[in-house]
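The chain contents come next:
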Amino acid sequence: MATNAQLDVSLKRLKKKGVRITPQREIILTYLITHHNHPSVDTIRDAIDKKLPNLSVATIYNTLKLFVDNGLVIELPNKDGGLRYDFFGVPHYHAICENCGKIFDIFDESYPDIVAHVQKVAREKVGFEVTGAQLEVTGICPKCEKKLAKQKRTQ
Ligand code: ZN
Ligand code: MN
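Residues numbered from 1 in each chain as written. Chains lettered and ligands numbered in written order. Predicted model: local features only at pLDDT ≥ 70, side-chain atom pairs only at ≥ 80, totals over all residues. Heavy atoms only, no water.

### A look at the layout of surface pockets
In this model, the largest pocket occupies a volume close to 160 Å³. In terms of lining, the largest pocket is formed by 12 residues, of which the most central are Val9, Arg13, Phe88, Gly89 and Val90. Among the elements that line the lining of the largest pocket, the one with the most residues is helix 1 (residues 3–16), at 4 residues. Taken together, the residues of the lining of the largest pocket break down into 7 nonpolar, 4 polar and 1 charged. (1 Å grid on protein atoms, 1.4 Å probe; cavity = no way out; pocket = protein on both sides within 12 Å on 5 of 7 lines; lining within 4 Å. Points joined across faces, edges and corners; volume = space filled by probe spheres on them. Helix = DSSP H or I, 4+ residues; strand = E, 2+ residues; numbered from the N terminus. Nonpolar A, V, L, I, M, F, W, Y, C, P; charged D, E, K, R; others polar.)

Spelled out as structure tokens, the structure:
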């Protein structure tokens, strides 16, 4: 989906839930829609500095929380103890490198089926109503795999 369409759909969703759309909210959301680098609050702060020079980290944090609460954005805990943010308009899962911490997006046509399966099983087994899901797999990214193989050879 084009950026504008994704922004439109997202803003409509917020409005429907009674959330007021301010220019700063729109700018932060647009940044997240166009950047899939899983930014931290500080990264977002630096990136939108030209457009919104006086916006505090606390305001950005609160805006992100609002998006998270409304299901538009997800929070990803990072290796360094901080949080990363990700626009979740197109559901996907993440592969995280254990060596360098890089987060990869995996868009998988079967992902909704996987979530539906988990939902069904949770309901059947323990009567739990799953309302949200985030899937994360950990491992070694291709770059680190090469690097580690090279290190092994030269040892
Ligand atoms: Zn890596
Ligand atoms: Mn992602």
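Next comes the rest of the write-up.
### Some words on the coordination of the manganese ion (ligand 2)
Each protein donor to the manganese ion (ligand 2) is listed here as His38 (NE2), Asp86 (OD), His92 (NE2), His94 (NE2) and Asp105 (OD); together their distances run 1.9 to 2.3 Å. Sequence spacing of the donors to the manganese ion (ligand 2): H-x47-D-x5-H-x1-H-x10-D. Residue His38 is located in the loop between helix 2 (23–34) and helix 3 (41–47), and its partner His94 is located in strand 3 (residues 93–97); the two are separated by 56 residues in the primary sequence. A relative accessible area of 1% places His94 in the buried class. (Donors = N, O, S within 2.8 Å, 3.2 Å for Na, K, Ca; no water. Buried < 20%, exposed > 50% of the residue type's maximum accessible area, 1.4 Å probe, protein only.)

### Regarding the nonpolar core
In this structure, Ile28, Leu29 and Leu32 are the most contacted members of the largest nonpolar core, which totals 21 residues. Listed by contribution, the elements that provide at least two residues to this core are helix 1, helix 2, helix 3, helix 4 (57–69) and strand 2 (83–87). Dropping the residues within four chain positions of it, Ile28 is found in contact with Ile44, Ile48, Leu55, Ile60, Thr63, Leu64 and Phe67. Core analysis: the second largest hydrophobic core is formed by 7 residues, Ile74, Phe88, Ile96 and Ile103 among them. (Core = buried A, V, L, I, M, F, W, Y, C linked by side-chain atoms within 4.5 Å. Contact = heavy atoms within 4.5 Å.)

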